[in-house]
Amino acid sequence: MMGKMSSPPREQPLFLPKVVSSLKNYSFSFFRSDLKAGIIVGIVALPLAIAFSIASGVPPACGLMASIAGGFLISALGGSRVQIGGATGAYAVIIYKVMATQGFQGLMICAFLSGLMLVGMGLLRWGVFIKYIPYPLTVGFTAGIAVLIASSQVKEFLGLNTGALPADFADKWVAYFRSLGTINPSAVLLAGASLAVLILWPKVSRRLPGSIVAVVLGTAAAAIFHLPVSTIGDGASLNLAGPGWFPPDASAVKQLISPALTIAFLGAIQSLLSATVADGLIEGRHRPNTELVAQGITNMALPFFGGIPATGAIARTLTNVKNGAKTPIAGIIHSLFLLAVVLVLGRWIARIPLAVLAAILMTVCYNMAEWRAFRTLLKAPRGDVAVLLVTFLLTVFVDVTVGVEVGVFMAFALFVRRMSRASTIREVTGDGNGVDEDTLRSDKDSVSRRKIPEGVSVYEAEGALFFGVAELLRDSLDLGQAPPKVLILRIRHVLALDATGLRALRDLLEKCRKSGTHLILSGIHAQPMIAFEQSGFLEEMGEENVVGTIDEALARAKALLSA
C-alpha cells in the first residue's frame, strides 16, 4: 500500500513584514523584553552611528538619521523578528568616495538607486540566492573594508593636522607621514585610554556596553582637563533634517549606477547574513525577499531625510538577541530611544572627542575583519585563496566596487571550473573495451550486465550539461571515421541542463544525422525534460528516441538496426 504523499512546501510570501505575524500573539511580557532590548541596543547604536558617519565623510546627523529612520523602517517592514538596521561600516568606504567625487547630492541619488535595486532583488525573489555568495569573497572584501575604515581613523587617533584627506588608501598614508610632526599628544593619550577601556571593560561587565563607558569617560576627561582635542561639534551639526527633496541630476545617474549596485550588493549580503545568524540563535526563520524589499524601501526613503544608506547590523542584531528581544518592536523602540537621546542630549553629544570615536571604530574594524577566518582561509584550495587575496587587495588598493566585481567574477569562474571538472562524458561497454561502468559503480542498470548489439555505442554523461562543459560534450562524442549505427547517450546522472548544453545536444543530433547515426537519449530527469519540451528539442529528437532506462534504449536500438 502506497504511503501518503507529502505536500510540497509552501512558497514564502513575496512581501510580508515579520511584525505583522509577530503581533498576533503579542503580550505584555513580550513588550517588557522588547523594551529592555531596544533601550540597550539604542545605547550601543548611538556612538556607532556617529562614528560611521565620520568614517563616511558625512555630518553625524546623517548616520543618526540612518539608524533612527532607517532602523525604524527596517524593523517595521523587514522579514526578521530581531534584525536591527542602521548605519554600518560596510558602506563607509563607498560613501566616502561618492562624497569625494559626486558630493552630497550625488550620494543621495546613489542611495536612492541602491534602494531601487534592493527592491528589485526582493521582487525577483533573489533573497534565497544571496546566501550562496562564496565565503572567501565575503571575508576578502569585509577585511578590506575594515582596513580602509581603520586607516581613515589614524588622523583622529593621532590628532594629526592633515586637512582634507584623499579618498585613496595609499594617498591617505602619504598624507599621514607628511603630517607626523603635527601629532597631538592629548588625542593620542585619550584614544589610547579609550582603546584600553574598550578592551578591558568586557572583563568587568557585559551588561553595560564598553563603547558607552569609553564615550562617557573620554568626554568627561576632555571637559575636566580642557584637553585640546577635536569634538563632534567642531564644524558639524547634530540637527536632524526634516522631510525634504533632493533635486535629481540625470547627468550623475550613469556614474552612480556602479557604486549604487555595490551598496545594494553589500547591503543584501550583510542584512541576510545578519538575519541568518540571528535565526540560529532564536530558532526562527526570516523572510529573505521581504527583508530585501524592506531594505530597498528604507534606502529609497532615507535620502529625503538626509540619511546615508542603512542595512542590517550584525553586532547590534546580536546585542538585541542576547538582551531578550522577541519581536521587531524591539528594533522600533531602539530607533525611538535613539531619537529621544539625540533630541534631549544633543549638546552633550556634540562634545564627544573624535579621538574616542576613532578608538571605537578601531575595535569595530578589528572584529569586523575576521582575521582568524582570513588566516584559516589561506590554507584553503588555491582557487579560494586567490579569490580571497585578490578581493582583499583590490578593495584596499584600488576600489571597493572593483574588488567586489572582480571577486564575483573570479568566484564565478572558479565555480564553472570546478563544475566542469566534475562533469564527465565517457564510453561504457559490456565487453571490457573502453571504460567499464563497474569500475565506478555497481548497480542493476550497469551496461556491463547487458549485451550491447554490434554497431551500437553507449556513452554516459555525469554532472551538469551547462555552458562550461558544452565543448566537453562536443569533443567526447566525436563520431570519427567509422560512426556507429546507433549512439545511446545515458543522462541519468545529469540533473541540470542550460541553453548552451541544449545547443550542444542539437549539434550532436545534427552530426549524427549527417553520419547516418541514430541518437537515443536514456534516463532523462525532470529539469532536462522540461527544457527539451519548452525548446522543441523533444519533437526534434522524436519522443520514441528519449527513453527512461538502458533496457528501453537497447530495445529501441535493436529495432532501429533491424529496420
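Residues numbered from 1 in each chain as written. Predicted model: local features only at pLDDT ≥ 70, side-chain atom pairs only at ≥ 80, totals over all residues. Heavy atoms only, no water.

Enquirer: I'd like a description of the packing of aromatic side chains, backed by residues and values.
Expert: Taken as a whole, this structure holds 10 aromatic pairs when the rule is applied. For the ring pair Phe112 and Phe304, a centre distance of 6.2 Å and an interplane angle of 85° mean the geometry is edge-to-face. Of the two residues, Phe112 is situated in helix α4 (residues 89–123) and Phe304 in the loop between α12 (288–301) and β2 (311–312); the sequence distance between them amounts to 192 residues. Seen in terms of ring centroids, Phe169 and Phe397 are 5.3 Å apart; in terms of plane orientation they differ by 85°. Their pairing is edge-to-face. Of this pair, Phe169 sits in helix α8 (residues 169–178) while Phe397 sits in helix α17 (residues 382–397), and the two are 228 residues apart along the sequence. Through successive ring pairs, a cluster of aromatic residues spans Phe169, Trp173, Tyr176, Phe177 and Phe397. When the ring centre of Tyr96 is taken as reference, the NZ or CZ atom of Lys172 above it lies at 4.6 Å. Over the aromatic face of Trp348 sits the side chain of Arg351, whose NZ or CZ is 4.5 Å from the ring centroid. (Phe/Tyr/Trp six-rings, centres within 6.5 Å; stacked < 30°, edge-to-face > 60°. Helix = DSSP H or I, 4+ residues; strand = E, 2+ residues; numbered from the N terminus. Lys NZ or Arg CZ within 6 Å of the ring centre and 35° of its normal.)

Enquirer: Can you break down the pattern of salt bridges residue by residue, with the values?
Expert: If the charged atoms of two oppositely charged side chains come close together, the side chains can form a pair. For the structure on display, the rule yields eight salt bridges. The partner of Glu460 in a salt bridge is Arg492, with the nearest N and O atoms 2.9 Å apart. One end of the pair, Glu460, is in strand β4 (residues 456–465); the other, Arg492, is in strand β5 (residues 486–497), and 32 residues separate them in sequence. Taking relative accessible area as the criterion, Glu460 reaches 0% and is therefore assigned buried. Among the ionic pairs, Glu540 bridges to Arg506, the shortest N-O distance being 2.9 Å. Of this pair, Glu540 sits in helix α22 (residues 537–541) while Arg506 sits in helix α20 (residues 499–515), placing them 34 residues apart in sequence. Overall, the relative accessible area of 33% leaves Glu540 in the partly exposed class. (Salt bridge = Lys/Arg side-chain N within 4 Å of Asp/Glu carboxyl O. Buried < 20%, exposed > 50% of the residue type's maximum accessible area, 1.4 Å probe, protein only.)

Enquirer: An account of the sheet that holds strand β7 (residues 546–547) is requested, with residue identities and associated values reported.
Expert: Ordered in space as β3-β4-β5-β6-β7, the five strands form an open sheet in which the pairing is mixed. Of all strands in the sheet, those with a lone pairing partner are β3 (424–428) and β7, marking the two edges. The pairing of β4 with β5 spans nine bridges and is parallel. Bridging across to β5, Val458 finds its partner in Ile488. Strand contacts of helix α23 (residues 550–562): β4, β5, β6 (518–522) and β7, with the helix running at about 150° to β5, the strand carrying the most contacts. (Pairing = 2+ DSSP bridges. Contact = heavy atoms within 4.5 Å. Axes fitted to C-alpha atoms, helices over the stretch in contact; angles between N-to-C directions.)

Enquirer: Mind laying out the nonpolar core, listing which residues take part and the relevant values?
Expert: Ile149, Leu266 and Ile349 are the most contacted members of the largest nonpolar core, which has 94 residues in total. When residues of this core are assigned to their parent elements, the largest contribution, 14 residues, is made by α4. Filtering out sequence-adjacent residues up to four positions away, Ile349 remains in contact with Leu46, Ile50, Ile232, Leu238, Val341 and Val342. Counting residues in each nonpolar core, the second largest holds 26 residues, with Leu487, Ala504, Leu505 and Leu509 among its members. (Core = buried A, V, L, I, M, F, W, Y, C linked by side-chain atoms within 4.5 Å.)

Enquirer: Give me the lowdown on the packing of α4 against helix α6 (residues 135–152), citing residues and values where you can.
Expert: Pairs of packed helices are described in terms of their axes, by the angle between the two and the distance that separates them. Where α4 contacts α6, the two axes come as close as 9 Å, and the packing angle between them is 65°. The crossing of α4 and α6 is left-handed. The segment α4 lies against α6, with Gly89, Ala90, Ala92 and Val93 engaging Ile145, Leu148 and Ile149. In the contact of α4 with α6, the residues fall into six nonpolar, one polar and no charged. (Left-handed = near helix turned anticlockwise from the far one by under 90°. Nonpolar A, V, L, I, M, F, W, Y, C, P; charged D, E, K, R; others polar.)

Enquirer: How would you sum up α12? Please name residues and give values.
Expert: Every α-helix winds through 3.6 residues per turn, so residues three or four apart in the chain are directed the same way. The terminal C-alpha atoms of α12, which comprises 14 residues, lie 20 Å apart, in line with the 20 Å expected from a rise of 1.5 Å per residue. A large share of α12 lies buried, amounting to 11 of its 14 residues. Tucked inside the fold, the buried residues of α12 contact α3 (60–77), α4, α5 (127–130), α11 (250–282) and β2. (Expected span 1.5 Å × (residues − 1).)

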